[in-house]
Amino acid sequence: MIKHYTIRTLILAASGIWVACSGHEYPGPLTPEEALNSFHLQQGFVIETLASEPLINDPVDVTFDEFGNFFVVEMLDYPYKPAPGTARSRIRYLEDTDADGRFDHAVVFEDSLNEATSILPWKEGLLVCAAPDILYLKDTDGDMVADTKEVVFTGFFDNNSEAQITNLKFNVDNWIYASNYGHPGEIRYLGDTESPVVSIKGTDFRFRLDQGKFEPAAGSTQFGQAIDDWGNRFGTQNTIRISQIVIPWRYLVRDTTMKPTAPVVNIAGDDLEMFQLTPAPYWRAERTERRQKRYDEQGLDRKEWAEDHFTGCSGGTIYNGGLFPEKYYGTVFIGEVSGNLVHRDQLNEGKGPLFQAVRAPEDQQSEFLVSSDSWFRPANLEVAPDGSLLVVDMYRQHIETPLSIPEDLKEDMDFYHGDDMGRIYRIYPQQSEFSDFKYPGEMTSSELVSTLEHANGWWRLTAQRLLVERADSSVIEQVLDKYMNSSSALARLHSLFVLEALGGVSEEVILQALQDPHPQLRIRGLQFAETHSDFLSELIKLSIDQDKRVQFQLALSLGYFQGEEVESILEQLSRKFADDPWFQTAIDSRVKTESQL
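Residues numbered from 1 in each chain as written. Predicted model: local features only at pLDDT ≥ 70, side-chain atom pairs only at ≥ 80, totals over all residues. Heavy atoms only, no water.

In this section: the packing of aromatic side chains. Applying the stated criterion to the full structure yields 37 aromatic pairs. Judged by centre distance (5.2 Å) and plane angle (80°), the rings of F153 and F205 are edge-to-face. Remark: F205 occurs in strand β17 (residues 204-208) and F153 occurs in strand β12 (residues 148-154); sequence separation between them is 52 residues. Neither residue differs from the other here; F153 and F205 are each classed as buried. With 6.3 Å between their ring centres and 70° between their planes, F376 and Y425 make a pair best called edge-to-face. With F376 in the loop between β27 (369-371) and β28 (378-383) and Y425 in strand β30 (residues 423-429), this pair connects stretches of sequence that are 49 residues apart. What makes F376 buried here is its relative accessible area of 1%. Here the aromatic residues F45, Y319, F324, Y328, F333 and F368 are joined through ring pairs into a cluster of three or more. One residue, R88, lies across the ring of Y416, its end atom 5.4 Å from the ring centre. A cation sits over an aromatic face here: R426 above F434, 4.2 Å from the ring centre. (Phe/Tyr/Trp six-rings, centres within 6.5 Å; stacked < 30°, edge-to-face > 60°. Helix = DSSP H or I, 4+ residues; strand = E, 2+ residues; numbered from the N terminus. Buried < 20%, exposed > 50% of the residue type's maximum accessible area, 1.4 Å probe, protein only. Lys NZ or Arg CZ within 6 Å of the ring centre and 35° of its normal.)

See the structure below:
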């Protein structure tokens, strides 16, 4: 029987793509057409090329703005920090001029950016992560070239291109979250020179430009921050394909006597196996052999893997586009840049407040998308307005940071080989039908309120963001009606936070949330009620709630209240969930009186 490694070697050899590099062989690139033929995609789906070189190079992030304009971040600087004045990262605007479903025209929106990694639409411009800064870029004359450039925040860590400020995401709670990987930084907000400097060591980062707020966010996500419809945050990081941020930062720091607690947990467990088609490159195989020899000599019970195990997880994205079959809604797609594949996980209800990430039944011995091309580097993914899933392929010969490769092995490696290439793919179910539509940016505020009911999460969240940006108080009554009467729990959730941004959250609104039939709305009601002592009796009623996530939030929210009744409820929760450390942490985080210290 031929071994798995040999089969993969034969695939590459038969393709004729092996090239020699100083005595060691590394595969060469495929053309965009050849690369498309290298894919093995889950049955029932279609993959097509949306853009490729020379139109784009080194893409790492993409976004659609509210008008349907498509922007790409190109990180040509990777993996070395550019010398002052030599930064090459840029943002391109792509256009499909002949309406054939493929981009054919590009304009450089902004260039000479320092290691740009992420973009997010905001007020008809773009927020951009380019450490040590978060920038705001805007085109004011319609030529799709930025003519306004402002530094919004500065002070972020900038000494590792794989782990700098990135992954800008607008969340349903109206905060914009960014991955910081826990690196130290003293962050200044240049929009208000009177604002205090904020330290973010050991945390991620979040901010609200509509209110001028910024602060640490729980977590230390790397490159990949997935947020579900309800605002739960998940991260991807090398061998940890998905982790969950369980407890928000504000609860962890309210009691200064509490022992520091990591708010993140790996919810994929010890399942590291993946099903790739490409063999380990020479440098990885050699490095693995050396490491394993060292472990064995030291008598360590440790196994180093060169292939078939997750080591390069990136760009985790939750699918909520509404176009895929229903069973795919809410699942996580994760790029694996070392394994040249896209993995899919289901998010199931787990113990206590935790989710559990598991392979779908049909994926037990396979991956959602896998390539026999070792240059395929799916660094990121994005759900498009039409419900399709976009795969952002950086397309490089080598993707590993040079920092983790022995010096002698780097002699044969050109880490910029492929910086003139890059692809973006579009995946959708077979027999899908697409039609033109009116984008949110063209809608009135009243039309945006109706869009909060949309089946595609991109539309709902974009509509919410625009209502926050416009601050149009004339629609408060319409939003309130949507919140009170919509049959869609998601529409009620978005409406609640539109009301929050417009100053329309009354006691009646909070009470409605606390009594909502959906547990995620009750959770949000608890969070709003934390600052209102008049709601304590309503909070206590939720101590018998049947949903354990509601009870977990209750344990957190009651921590802001005092009194014998509060202590009694917390003691009941402590006994009920005695074997759950997350519940114990939630209870221990409460604001304590002197007698409790």
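So, next bit.
Its place among the elements puts S589 in the segment after α15 (581-588). Among the residues examined, S589 registers a relative accessible area of 1% and is labelled buried. Polar contacts involving the side chain of S589 include one to the main-chain carbonyl oxygen of A586, which spans 2.7 Å. Filtering out sequence-adjacent residues up to four positions away, S589 remains in contact with Y251, R254, D255, M258 and L556. (Polar contact = N/O pair within 3.5 Å; in protein donor to acceptor, adjacent residues only side chain to side chain. Contact = heavy atoms within 4.5 Å.)

It is worth spelling out helix α13 (residues 548-557) at this point. With nine of 10 residues buried, α13 lies mostly within the body of the structure. All of the buried residues in α13 are R549, V550, Q551, F552, Q553, L554, A555, L556 and S557. One side-chain oxygen of the residue at the start of α13 lies 2.8 Å from the amide nitrogen of R549, identifying that residue as D547.

What follows concerns the sheet that holds strand β6 (residues 70-74). Taken in spatial order, the four strands line up as β5-β6-β7-β8 in an open sheet, and their pairing is antiparallel. Of all the strands in the sheet, just β5 (59-64) and β8 (105-113) have a single pairing partner and so form its edges. For this sheet the average axis-to-axis angle between neighbouring strands, irrespective of direction, equals 20°. Here β5 runs beside β6; their pairing, made up of five bridges, is antiparallel. (Pairing = 2+ DSSP bridges. Axes fitted to C-alpha atoms, helices over the stretch in contact; angles between N-to-C directions.)

Taking 1.5 Å of rise per residue, 13 residues should cover 18 Å, and helix α14 (residues 564-576) covers 18 Å from first to last C-alpha, within 8% of that figure. Looking at α14, one finds that the buried residues are V566, I569, L570, L573 and S574. In a view along the axis of α14, the buried residues occupy a sector of 140°, so they form one face of it. Away from its buried face, by an angle of more than 90 degrees, α14 presents the exposed residues E564, E565, R575 and K576. Where the residues of α14 are buried, they touch α12 (536-541), α13 and α15. (Expected span 1.5 Å × (residues − 1). Arc of directions from axis to C-beta.)

Another point: the pattern of salt bridges. Close approach of charged atoms lets side chains of opposite charge pair. According to the stated counting rule, one finds 39 salt bridges in the structure shown. Salt-bridge contacts for E74 lead to R92; the nearest nitrogen and oxygen are separated by 3.0 Å. Of this pair, E74 sits in strand β6 while R92 sits in strand β7 (residues 89-95), and the two are 18 residues apart along the sequence. Overlapping salt bridges, with partners in common, bring together K327, R344, E362 and D363 in one network. (Salt bridge = Lys/Arg side-chain N within 4 Å of Asp/Glu carboxyl O.)

Here we take up the packing of helix α9 (residues 489-501) against helix α11 (residues 519-529). α11 packs onto α9 with a crossing angle of 20° between their chain directions and a minimal axis gap of 10 Å. Considered as vectors, α9 and α11 are oriented roughly parallel to each other. At the point where α9 passes α11, the crossing takes the left-handed sense. For the pair α9 and α11, contact is made by A489, R492, L493, L496, F497 and E500 and by L521, R524 and F528, respectively. Residues of the contact of α9 with α11, tallied by class, amount to six nonpolar, no polar and three charged. (Parallel < 35°, antiparallel > 145°, perpendicular 65-115°, else oblique. Left-handed = near helix turned anticlockwise from the far one by under 90°. Nonpolar A, V, L, I, M, F, W, Y, C, P; charged D, E, K, R; others polar.)

This paragraph deals with the sheet that holds β12. Taking strand neighbours across the sheet as the criterion, the six strands line up as β9-β10-β11-β12-β15-β16 in an open arrangement whose pairing is antiparallel. Pairing within the sheet leaves two strands with one partner each, and these edge strands are β9 (118-122) and β16 (198-199). Here strand β11 (residues 133-138) runs beside β12; their pairing, made up of six bridges, is antiparallel. Following the sheet pairing, I134 is matched in β12 by F153.

It is worth spelling out the side chain of S371 at this point. By secondary structure assignment, the location of S371 is in strand β27. S371 gets classed as buried once you look at its relative accessible area, which sits at 0%. In contact with S371, not counting residues within four places along its chain, are S38, F39, L277, T278, N340 and F376.

Bringing the pairing of strand β24 (residues 332-336) into the picture now. Taking burial as the measure, the five residues of β24 include five buried ones, the bulk of the element. Residues V332, I334 and E336 line one face of β24 and the alternating positions F333 and G335 line the opposite face, and both faces are buried. For strand β23 (residues 313-318) and β24, the ladder comprises four bridges, and the chain directions are antiparallel. Within β24, the residue paired with T317 across the bridge is F333. In this structure, β24 lies alongside strand β25 (residues 341-349), joined through five bridges in antiparallel fashion. Considered in β25, the bridge of V332 is made with D345. Linkage of β24 to β25, two consecutive antiparallel strands, is achieved through a turn of four residues, within which N340 is found at a positive phi near 60°.

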